[in-house]
Amino acid sequence: MQAIEVFSSSNNEANLQLNADGSLRHLLTLKGLDRSLLVELLDDAERFVSPSGGAAARSRSLAGRTVANLFFEPSTRTRASFDLAGKRLGADVLNLDVNTSSRKKGESILDTIHTLQAMQVDIMVVRDASVGVPAHIVRHVNDHVSILNAGEGDVSHPTQGLLDLLTIRQRKGKFEDLTVAIVGDIMHSRVARSAAQGLNTLGVGELRLVSPPVLAPDPDEMPFASIIDNLDDGLRDADVVMALRIQRERIGSLDGIPAIDEYFAKYGISTERMQSAAPGAIVMHPGPMNRGIEIESALADSPASAITQQVANGVAVRMAVLERVSRAMDAY
Amino acid sequence: MQAIEVFSSSNNEANLQLNADGSLRHLLTLKGLDRSLLVELLDDAERFVSPSGGAAARSRSLAGRTVANLFFEPSTRTRASFDLAGKRLGADVLNLDVNTSSRKKGESILDTIHTLQAMQVDIMVVRDASVGVPAHIVRHVNDHVSILNAGEGDVSHPTQGLLDLLTIRQRKGKFEDLTVAIVGDIMHSRVARSAAQGLNTLGVGELRLVSPPVLAPDPDEMPFASIIDNLDDGLRDADVVMALRIQRERIGSLDGIPAIDEYFAKYGISTERMQSAAPGAIVMHPGPMNRGIEIESALADSPASAITQQVANGVAVRMAVLERVSRAMDAY
Amino acid sequence: MQAIEVFSSSNNEANLQLNADGSLRHLLTLKGLDRSLLVELLDDAERFVSPSGGAAARSRSLAGRTVANLFFEPSTRTRASFDLAGKRLGADVLNLDVNTSSRKKGESILDTIHTLQAMQVDIMVVRDASVGVPAHIVRHVNDHVSILNAGEGDVSHPTQGLLDLLTIRQRKGKFEDLTVAIVGDIMHSRVARSAAQGLNTLGVGELRLVSPPVLAPDPDEMPFASIIDNLDDGLRDADVVMALRIQRERIGSLDGIPAIDEYFAKYGISTERMQSAAPGAIVMHPGPMNRGIEIESALADSPASAITQQVANGVAVRMAVLERVSRAMDAY
């Protein structure tokens, strides 16, 4: 398999995702998707949000379709979210957890994809640790197959980005009035990248990427955002604070990355630190959380937390995306 | 996570399971459930028993509901039984096999539960090696979620208990006329505990717990039962003999636990040993069996064996429990 | 478990598969199935083939039935194919991946089967590395259960054989006019055996088994085929060339088995080597492919390749088999 240069080819990727009429055929990245399409997806998803305690939203719009969840990286929550999204739309869902080592021993990823395509799988949800895999697949599937990126190395996790956008819109309204701070290991975070790209497209007022300098992104990568290393500076008057999961194996492993206690003291989001944020600010986290490391446990469970709302929105967003690419198939 | 003292908190647990009107909201333990509720559950289950070779009983009473099987301990048969029970009631079933080590690395069990709750999972079927986990979860879920205990450490396996009760009722009728002997590693057996609790509530004539002394329970734990170490004494005139699975790693490992051959000679249930039981006595086993260790292979396959009937009843009992907690949700 | 001598008992196995009226009750092997039954299965399967890009064929003929996929050997594609086949017929599908080591630790395979039977599983799809397991199971299940062999050691893979036959019939028409060459590790290939048995029954013009001498079958096993060790001799004027997967761990491990480069040079199927085949010859492979070892990558993707057609036919053939054994259940 040929890994592609994602940042250099990203406009290309954005185009790869769309049919000739501009409708969504695949979902690889939020980068390059235009504002109207993002808003339509959020509006679609809103229809699938149901009140906590109410019956889950359902439809039969994917009846007769087959969705395969092809996870080359382990996942519980994203896989479960896509699984439920597919089932609640009436699709047949095929779950394939294939670890990378067995893929290396066995056939190439394209042979796996072509096998599923021959079995008339309509939509393949792919998670892979290697950058460029979803776009590589997209270039080699038939006209009637859609690929959804469920997590790609450090670079893209578009349905996570959409659920973050939906949650912010529900809680905070107009993007142009908002200051959003994303805090943590920005450098290695596909969650941060997808959220940042979407927020930029939707015209967020101000976007801050807050991290220890050694975990900051390349300043040229997201020129629309400011890079900040002091947490209090980053949180000041912020309306939305997104804490990222820090991988424990990174902590203390590099010069400039503090040990656990020190990490929490310097970059952990807590009720106390949130006092410098704007009144009514919300806190978000993509999960799974390391409580007491990147986020204070009490804050995660407080009314300021939008974390379970994010999870609920995740199913809704995935239903919206599944339905939209399926509708585009019917048209072609 | 805080482990709770189960035996001291058990009345509390019984109360945790019920709605204000006394209907079943969760199923954590048979201890403390009253006789009328147990009988209703067995009557419900009876409706889902179909004759061997006939079509499986089905309904649509859980259509639109989502059941998640969350197994932190490996299981094939209990997971399959709940999976089929859910599907045959029309539910969407989400299977999550999460081993404990990955749970320790990742998020807390409550975060996993809250994630599933946010995805609008209605019923979570939980198996865990740690005592107190199901009750701990119950204390932290929303009003509209039900928790079913599918095996909890050494202390509780209520759907197994119900299927044992149903099987005994089908084969032997009135509990008050019966002598039941449970044989094997009583000390470590959640199966023995749940069966004993249910049999006690239903007024079994006599209950005997038969084991090597070193595997006997604390005499204060189940004062309604007699503790016996001689197998012939234990089986004498018994109407029902329940053999427990012995974990091979325990055999010969402790002072007082015999090696395999000796175990079978002293505590293995065989056609010959069953001659001291009552005429028409039945033999039961929760599976999977170690043939030739705790039970003679020929006996397990004889007409006296109710073992496959137990399995069939397992699906029926789980359908009954799923339907009952689901009905209670509708009412609230 | 008692392993049986498969080749000595094969007529017996063929009979085991049929009901008294000659209808298909189990599918263990193609050996001994008569021509009319094979043709009926291929005709049935043809109805489930849908054009690439069209909606997958579906029916509700297995609604209310339960299919369990019981794979004691790992598999992605065969398991996925049976999973989709069952779901597209409306069955409830239970997937159980049980590795052999856990089976050895736990209960016997028959206890597992009897457990599933008691749960009213109607059809069990079994893959196992040990020869004789499916027939052993068949001898011990109730009248209302069907067993489908999804891969049995080196000896049988009947649904793979059927999909190969269907693909050849679609691409090449009448079997009696055809020369078919199967190339690779014939000795260890259940795919080769099932294809050869089916081709023989359908009256193939000429069948050649091409391999390094050390991987050739016993000459008495398939007396209807010629055994050839020179690839060019094997391919000369062949209409159909089936490349087999070579297990990498075998390459270079035995006297007479060449190393990878040498294997491709001597036994790899390539565009160049195919020039000695008949005009319009097709190439097939059961997957997963080792590109560049047993088959040239470009050839696998060329119009001469029927490989993805084989995969598509796999789902259709499995739907046909599931429907046929299910229909026989209804009649009994």
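Everything discussed here concerns the structure shown above.
> Explanation requested: the overall build of chain A in the structure shown.
Of the regular secondary structure elements, chain A holds 12 helices and nine strands. On C-alpha atoms alone, chain A measures out to a radius of gyration of 19 Å, which is about the 20 Å that the 2.2 N^0.38 rule sets for 332 residues. Seen through its principal axes, chain A has C-alpha atoms that stretch 55 × 45 × 35 Å. Out of the 332 residues in chain A, the part that is buried amounts to 52%.

> What am I meant to see in the nonpolar core here?
The tendency in soluble globular proteins is for nonpolar side chains to be buried side by side. If you look at the biggest cluster of nonpolar residues, it comprises 285 residues, and the most contacted ones within it are Ile182(A), Val241(A), Ile182(B), Val241(B), Ile182(C) and Val241(C). Excluding its chain neighbours within four sequence positions, the residues that come into contact with Val241(A) are Ala181(A), Val183(A), Leu235(A), Ile269(A), Met274(A), Ala277(A), Ala281(A) and Val283(A).

> I'm lost on the relation of the copies chain C and chain A in this one. Help?
Put simply, the two copies of the chain differ by a rotation about an axis and a shift along that axis. Here chain C sits on chain A after a turn of 120° about the axis and a move of 0.0 Å along it, with an RMSD of 0.0 Å. Look at the turn and shift together and you get a three-fold axis relating the two. Across chain C, the rotation axis passes nearest the C-alpha of Asn95(C), at a separation of 5.9 Å.

> Help me understand the interface of chain A and chain B, please; the structure alone is not making it clear to me.
Where interface size is given, it is often the accessible area lost as the parts come together that is meant. Facing 22 residues of chain A, the contacting portion of chain B comprises 18 residues. Mapped onto the side of chain A that touches chain B, the elements with two or more residues apiece are α3 (77-88) and α12 (307-331) of chain A. With seven residues, α3(A) is the largest single contributor of residues to the side of chain A that touches chain B. For the side of chain A that touches chain B, the per-class residue count stands at nine nonpolar, seven polar and six charged.

> What am I meant to see in the packing of helix α2 (residues 35-47) of chain A against helix α7 (residues 158-172) of chain A here?
Packed helix pairs are specified by the crossing angle of their axes together with the interaxial distance, meaning the distance between the axes. Residue and element names in this part refer to chain A. At a minimum axis distance of 10 Å, the contact between α2 and α7 shows a crossing angle of 75°. Taken together, α2 and α7 sit at an angle that is classed as roughly perpendicular. Across the interface between the two elements, Leu38, Leu41, Leu42 and Ala45 from α2 touch Leu162, Leu165, Leu166 and Arg169 from α7. The residue makeup of the contact of α2 with α7, split by class, is seven nonpolar, no polar and one charged.

> Explain the pairing of strand β6 (residues 206-210) of chain C to me, please; I cannot follow it from the model alone.
Put simply, side chains in a regular strand alternate between the two faces of the sheet. Residue and element names in this part refer to chain C. Summarising the sheet, strand β5 (residues 179-183) and β6 pair through five bridges and their orientation is parallel. Among the inter-strand pairings, Val183 is bridged to a residue of β6, identified as Val210. Between β5 and its parallel partner β6, the chain crosses via helix α8 (residues 190-201), and the hand of that crossover is right-handed.

> Help me understand the interface of chain C and chain A, please; the structure alone is not making it clear to me.
Contact with chain C, which involves 22 residues of that partner, is made by 18 residues of chain A. Every element with two or more residues in the side of chain C that touches chain A is listed here: α3 (77-88) and α12 (307-331) of chain C. Of all the elements, α3(C) adds the most residues to the side of chain C that touches chain A, at seven residues.

Quick notes on the rules
Residues numbered from 1 in each chain as written. Chains lettered and ligands numbered in written order. Predicted model: local features only at pLDDT ≥ 70, side-chain atom pairs only at ≥ 80, totals over all residues. Helix = DSSP H or I, 4+ residues; strand = E, 2+ residues; numbered from the N terminus. Rg over C-alpha atoms; globule rule 2.2 N^0.38 Å. Buried ≥ 20, exposed ≤ 12 C-beta atoms within 10 Å, placed from the backbone. Core = buried A, V, L, I, M, F, W, Y, C linked by C-beta atoms within 7 Å. Contact = placed C-beta atoms within 7 Å. Least-squares fit on C-alpha atoms with pLDDT ≥ 70 in both. Nonpolar A, V, L, I, M, F, W, Y, C, P; charged D, E, K, R; others polar. Axes fitted to C-alpha atoms, helices over the stretch in contact; angles between N-to-C directions. Parallel < 35°, antiparallel > 145°, perpendicular 65-115°, else oblique. Pairing = 2+ DSSP bridges. Right-handed = clockwise from strand over helix to strand, strands pointing away.

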